[in-house]
Amino acid sequence: MTDVRRPGLFLSFEGMDGSGKTTQMSLLIDRLRQEGYDVLETAEPGGTPIGRQIRRILLDGANQELSSRAELLLYFACRAQNVDEWIRPALTAGRIVVSDRFTDSTLAYQGAGRGLPLDTIHALHRFACGPTAPDLTIYLDIDRAIGLARAHARNAERAAAAQPDETRIDDEAPEFHDRVHQAYAALCDNEPNRIRRIDAAQDIGQVHADIWDAVASRVAAHALRKGPAHV
Ligand code: TMP
């Protein structure tokens, strides 16, 4: 549900690990800022300083004993903090918010992946986020095996650079990731007006062009004010 009372625009990126979200998000944000829009960049899990602490618990491969219900609640704790501290104030101020993942990820990973009840996830979303939800979601569709191979390569680079471990979800079985991929396909079918599916196997420039095509019309339709570049 979109909060019609606020003037800003809320965009989210979704996709399997290794779908190129990070690259495409930064290309989009750079372009929006070059056009003069005031953009808040955030991420789930992460974003706020408190969210980044929760992210470490969620993604650390050493935390094998984390239960599915505790995992679900931590994702929503992170999201509630992000909405309260960053996202809602930015939307109220008329800014564009771009989030790397939001509740669609929870429906795909904890709902389909872990098998937790979808009605519980929807109820937690209402509690954690109220009416705050993306106006437009860019879903980068990538073959599961290609995405996971890229994610594992990135995780190996992180380990070599002694960066914090973020392997806990990537190391789930292939069947888990297949369920996530199927759930994303179903979300796209159910909400074609909100979710734009983009073929992430194309070259980087074409993926960006497709994303810009989807975003530019929404930005124009929203009549967003241009403000000082906020980096
Ligand atoms: P990423 O920030 O590199 O995309 O990684 C976040 C990981 O957390 C990714 O494997 C997807 C997973 N995730 C969930 O399982 N549930 C969620 O609600 C979110 C936001 C992410």
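All of the points below concern the structure found in this document. Note that the structure is a prediction, hence the values are computed from the model and not measured.

Side note on the site of the ligand
Around the ligand, the surrounding shell holds 15 residues, and the nearest of these are Arg55, Tyr75, Arg101, Thr106 and Gln110. Lys21 is positioned with one of its side-chain polar atoms (N or O) 3.0 Å from an oxygen atom of the ligand. Contact distances for the ligand include 2.9 Å between an oxygen atom and a side-chain N or O atom of Tyr75. Here the ligand, which alone exposes 480 Å², has 94% of that area covered by the protein. Secondary-structure elements contributing two or more residues to the shell around the ligand are α2 (49-59), α3 (68-92) and α4 (103-113). With four residues, α4 is the largest single contributor of residues to the shell around the ligand. Of the residues assigned to the shell around the ligand, the class counts are five nonpolar, three polar and seven charged.

Section: α4
Within α4, 10 of the 11 residues are buried, which leaves it mostly tucked inside the rest of the structure. Here α4 has its buried residues at Thr103, Asp104, Ser105, Thr106, Leu107, Ala108, Tyr109, Gln110, Gly111 and Gly113. Note on α4: the residue one or two positions beyond its end, Gly115, has a positive phi of about 80 degrees.

Describing helix α8 (residues 204-221)
Between the first and last C-alpha of α8 there are 26 Å, a value that for 18 residues agrees with the 26 Å anticipated at 1.5 Å per step. Along α8, the residues that are buried comprise Val207, His208, Ile211, Trp212, Ala214, Val215 and Val219. Where α8 is buried, its residues meet β1 (9-15), α1 (21-34), β3 (96-100), β4 (136-141) and β5 (195-199). The N-cap of α8, judged by a side-chain oxygen 3.1 Å from the amide nitrogen of Gly205 a few residues on, is Asp203.

Overview of the packing of α2 against α3
At a minimum axis distance of 9 Å, the contact between α2 and α3 shows a crossing angle of 165 degrees. Relative to α3, the element α2 is oriented roughly antiparallel. Seen along the crossing, α2 lies across α3 with a hand that is left-handed. Here Pro49, Ile50, Gly51, Arg52, Ile54, Ile57, Leu58 and Leu59 of α2 lie close against α3, whose contacting residues are Glu71, Leu74, Tyr75, Ala77, Cys78, Gln81, Glu85 and Trp86. Class assignment of the residues belonging to the contact of α2 with α3 gives a composition of 11 nonpolar, two polar and three charged.

The rules behind these values
Numbering of residues starts from 1 in every chain and runs along the sequence as written. The predicted origin of the model limits local features to residues at a pLDDT of at least 70 and limits the giving and counting of side-chain atom pairs to 80 or more, whereas totals for whole chains, interfaces and linings rest on all residues. Based on all heavy atoms of the structure, the side-chain values leave hydrogens and waters out of the count. The criterion for a residue being near a molecule or strand is simple. One of its heavy atoms has to lie within 4 Å of it. Polar contact is the term for a pair of N or O atoms within 3.5 Å; when the atoms are in protein, one must be able to donate a hydrogen and the other to accept it, and sequence-neighboring residues count only if both atoms are side-chain atoms. Working definition of accessibility: Shrake-Rupley area with a 1.4 Å probe, residue cover restricted to the visible protein chains. Numbering of helices and strands starts at the N terminus; helices are DSSP runs of H or I of at least 4 residues and strands are runs of E of at least 2. Charged residues are taken to be Asp, Glu, Lys and Arg, nonpolar residues to be Ala, Val, Leu, Ile, Met, Phe, Trp, Tyr, Cys and Pro, and polar residues to be all remaining types, Gly included. To sort residues, take the accessible area from a 1.4 Å probe on protein chains only and compare it with the maximum for the residue type: under 20% means buried, over 50% means exposed, and anything in between is partly exposed. Expected helix span is taken as 1.5 Å per residue step, with the number of steps being one fewer than the number of residues. Should any heavy atoms of two residues lie within 4.5 Å, those residues are considered in contact. Between the N-to-C directions of two axes lies an angle of 0 to 180 degrees, each axis being a line fitted to C-alpha atoms and, for a helix, fitted only over the stretch in contact. Any angle from 65 to 115 degrees is called roughly perpendicular, while one under 35 is roughly parallel, one over 145 is roughly antiparallel, and all others are oblique. For any pair of crossing helices, the crossing counts as left-handed if the nearer helix is rotated counterclockwise from the farther one by less than a right angle, and right-handed if it is rotated clockwise.

Shape is all these values report; function is a separate question.
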